[in-house]
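# Results of the structural survey
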Amino acid sequence: MNTKLEEIDGKFVATLVGELDTLAAVEAEEVLKPLYQSSGKDVIIDCKGLEYIASSGLRILLSILKAAKAAGSKVIMRDVNDDIKNVFKLTGFITIFEFE
């Protein structure tokens, strides 16, 4: 799993590549920790290279979403493949996240 966080044009962009399983979630959460204080900046989660997501990965994304909404920001899931989108559908997360 490779997780990268950068600020581009006043937005946070998190890029997820590989499998966000339980083991990788610990490392990914460390990299994504600044998103818990997004300071009103929108957050884009780039999932183009994301191949798998476990419930621990979904928990991280949900925590980021809650923190962002509390700060008046939004979280946009970008380039989510059909398999990952299906996980969001099965868990009901498809209705609480914004996709592009």
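Anyway, here's the lowdown on the structure attached to this text. The model shown is predicted, which means the values in this text are computed figures rather than measured ones.

### Brief notes about the sheet that holds strand β5 (residues 98–99)
Ordered by their spatial adjacency, five strands build an open sheet running β1-β2-β3-β4-β5, and the pairing between neighbours is mixed. Pairing within the sheet leaves two strands with one partner each, and these edge strands are β1 (2–8) and β5. With seven bridges joining them, β1 and strand β2 (residues 11–20) adopt antiparallel strand pairing. For Lys4, the partnering residue across the bridge sits in β2 and is Thr15. Relative to strand β3 (residues 43–53), helix α2 (residues 55–70) is tilted by about 175 degrees, and along the sheet it contacts β2, β3 and β4 (75–78).

### Quick look at unusual backbone geometry
Phi at Asp9 takes a positive value of approximately 50 degrees, unusual for a residue other than glycine. Its place among the elements puts Asp9 in the loop between β1 and β2. Here the phi dihedral of Asp79 falls at roughly 55 degrees; this positive angle occurs in a residue that is not glycine. We classify Asp79 as partly exposed; its relative accessible area is 35%.

Scoring rules and cut-offs
Residues numbered from 1 in each chain as written. Predicted model: local features only at pLDDT ≥ 70, side-chain atom pairs only at ≥ 80, totals over all residues. Heavy atoms only, no water. Pairing = 2+ DSSP bridges. Helix = DSSP H or I, 4+ residues; strand = E, 2+ residues; numbered from the N terminus. Contact = heavy atoms within 4.5 Å. Axes fitted to C-alpha atoms, helices over the stretch in contact; angles between N-to-C directions. Buried < 20%, exposed > 50% of the residue type's maximum accessible area, 1.4 Å probe, protein only.

Function cannot be read off these values alone, since they describe shape.
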